[in-house]
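Geometric and topological summary
In case you want the letters, here they are:
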Amino acid sequence: MGRVGVLLLNLGGPDRLEDVGPFLFNLFSDPEIIRLPFPWLQRPLAWLISSRRTKKSQENYKQIGGGSPLRRITEAQGEALKEQLGALGQEATIYVGMRYWHPYTEEAIAKIIQDKIEHLVILPLYPQFSISTSGSSFRLLEKLWKENTKLQSINYTVIPSWHKQQGYLQAMADLIVQELSQIANPDEAHIFFSAHGVPKNYVEEAGDPYEQEIEECTYLIMQTLNRPNFYTLAYQSRVGPVEWLQPYTEDAIKELGTKGTKDLVVVPISFVSEHIETLQEIDIEYRELAEEAGIHNFRRVPALNTNPVFIKALADLVIDALEAPSLKLSQVTQMKKKVKIYPPERWEWGMTTSAEVWNGRIAMLGFIALIIELVTGHGLLHMVGLL
Ligand SMILES: C=CC1=C(C)c2cc3[nH]c(cc4nc(cc5[nH]c(cc1n2)c(C)c5CCC(=O)O)C(CCC(=O)O)=C4C)c(C)c3C=C
Ligand SMILES: [Fe+2]
Ligand SMILES: [Fe+2]
């Protein structure tokens, strides 16, 4: 085999407080994050939402040391993966491609071309597929591939999602056991899986498999754990006024408090690194909420980061992918399309009735907000709770 590369895909996060605004602008400029019927509206709306959200978001980043640890952790995962692959007899160069901040996916691709990589494995660091995460990165890569003939000669394969991978499930179960072992009555503790949410219409209209993969994954972790504890799955980090996947984490915590739960072990499920939503949202906001609800023993299972069992799982995924027939970016989108998932036309043009309604609402909101903002200096989006 010739030169082998692994491209790790991730979201990216602002390294410093002054990066928060431009990071948010990049995020909201992505049509997979905010769906609009008119592409020309995307950037003005992204500008509006990001500039109104920056201050609040910066306050949160301040609470975790003034920036996201995501770059540092993802790069450490890359180094550990390289070492593990080497130990298994597979030399490879690892590249990190972030969607919304440095090092950008485009930068990683430029290095891959420069290094004359011949075999490439594309591995998103999201165990479960969502249109808004891995889907967005695949979209971007598809575009880069179409534009560049040098990329077209690389023999590459995509790993769409890996939420059932044995080593990954084991690593998650191990971390939960470690946390439970610190509680006086471990069997009494309630295990609380908190997944990052997505708007409900992603699943119900666009056919995003995210909810199903999260549910399967949670179930399989509980099976691997093989303990008698009760468990709950809920969704965190809702943004904006529309309905997201339910139950919401805050509601579920309050309800458990009302029912008399005393020991809660929170497991972040949709992301493999510490980031703002584990360090700030769970550790600070949800902890406070739990305390108020009478849950006095609130614990959070750490993210996988460079956990050796997890890194071995990633290495196994890469080795299996190199041995299996290759899966192309277009095949992933086609494959999902067949089962009414990830339909590009529908996605771009909003052909379903309710997507139309939602697109219309957003467009209208954008227009009105832009005008009100210009005239009064006060944002409408702020009033409706989007910011
Ligand atoms: C699997 C994980 C994630 C999904 C699904 C996801 C969807 C999603 N996110 C937003 C809006 C925002 N996300 C933000 C930060 C952020 N999101 C994820 C992961 C998922 N997002 C991570 C790991 C991070 C943090 C990175 C870091 O800095 O540590 C933010 C910015 C932070 C803030 O202002 O709150 C926004 C905004 C939407 C709208 C969405 C689905 C459509
Ligand atoms: Fe997000
Ligand atoms: Fe988020």
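Definitions and cut-offs
Residues numbered from 1 in each chain as written. Chains lettered and ligands numbered in written order. Predicted model: local features only at pLDDT ≥ 70, side-chain atom pairs only at ≥ 80, totals over all residues. Heavy atoms only, no water. UniProt positions renumbered as here; feature names shortened; annotations may be inferred. Near = heavy atom within 4 Å. Polar contact = N/O pair within 3.5 Å; in protein donor to acceptor, adjacent residues only side chain to side chain. Areas by Shrake-Rupley, 256 points an atom, 1.4 Å probe, with all protein chains shown as cover. Helix = DSSP H or I, 4+ residues; strand = E, 2+ residues; numbered from the N terminus. Nonpolar A, V, L, I, M, F, W, Y, C, P; charged D, E, K, R; others polar. Pairing = 2+ DSSP bridges. Axes fitted to C-alpha atoms, helices over the stretch in contact; angles between N-to-C directions. Contact = heavy atoms within 4.5 Å. 1 Å grid on protein atoms, 1.4 Å probe; cavity = no way out; pocket = protein on both sides within 12 Å on 5 of 7 lines; lining within 4 Å. Points joined across faces, edges and corners; volume = space filled by probe spheres on them.

Under an unreviewed UniProt entry, the protein has the name Ferrochelatase and belongs to Aetokthonos hydrillicola Thurmond2011. According to the UniProt record, the Subcellular location (unreviewed entry) comment for the protein reads "Cytoplasm". Quoted straight from UniProt, the Function (unreviewed entry) entry for the protein says "Catalyzes the ferrous insertion into protoporphyrin IX."

As a further point, take the site of ligand 1. Neighbouring residues of ligand 1: 29 residues in total, closest R53, S57, Y61, S68 and H275. The contact in question runs from an oxygen atom of ligand 1 to an N or O atom on the backbone of I276, over 3.1 Å. Considering ligand 1 on its own, with 810 Å² of exposed area, one finds that the protein chains cover 97% of that surface. In terms of residue count, the dominant contributor to the shell around ligand 1 is helix α1 (residues 20-28) (four residues). For the shell around ligand 1, the per-class residue count stands at 17 nonpolar, ten polar and two charged.

With that out of the way, let us pick up the sheet that holds strand β1 (residues 4-10). Strands sit in the order β2-β1-β3-β4 across an open sheet of four strands; the sheet is parallel. What marks the edges here is a single partner per strand, and that holds for β2 (93-98) and β4 (155-158). Averaged over all pairs of adjacent strands, the angle between their axes in this sheet comes to 20°, without regard to strand direction. Of the pairings in the sheet, the one linking strand β3 (residues 119-124) to β4 comprises four bridges and is parallel in character. What sits directly across from H119, in β4, is N155. Helix α4 (residues 105-114) rests against β1, β2 and β3 of the sheet, and its axis sits at about 155° to β2. Across the sheet, helix α12 (residues 308-323) touches β1, β3 and β4, and the angle it forms with β3 is around 135°.

A full pass over the atoms with the stated rule returns two cavities of 30 Å³ or more. Counted as a void, the largest cavity has a volume near 70 Å³. In terms of lining residues, the largest cavity is bounded by S194, A195, H196, Q236, P268, I269, S270, F271, H275, E277, T278 and I282. Elements supplying a minimum of two residues to the lining of the largest cavity: β5 (190-196) and α11 (276-292). When its residues are assigned to classes, the lining of the largest cavity shows five nonpolar, six polar and one charged.

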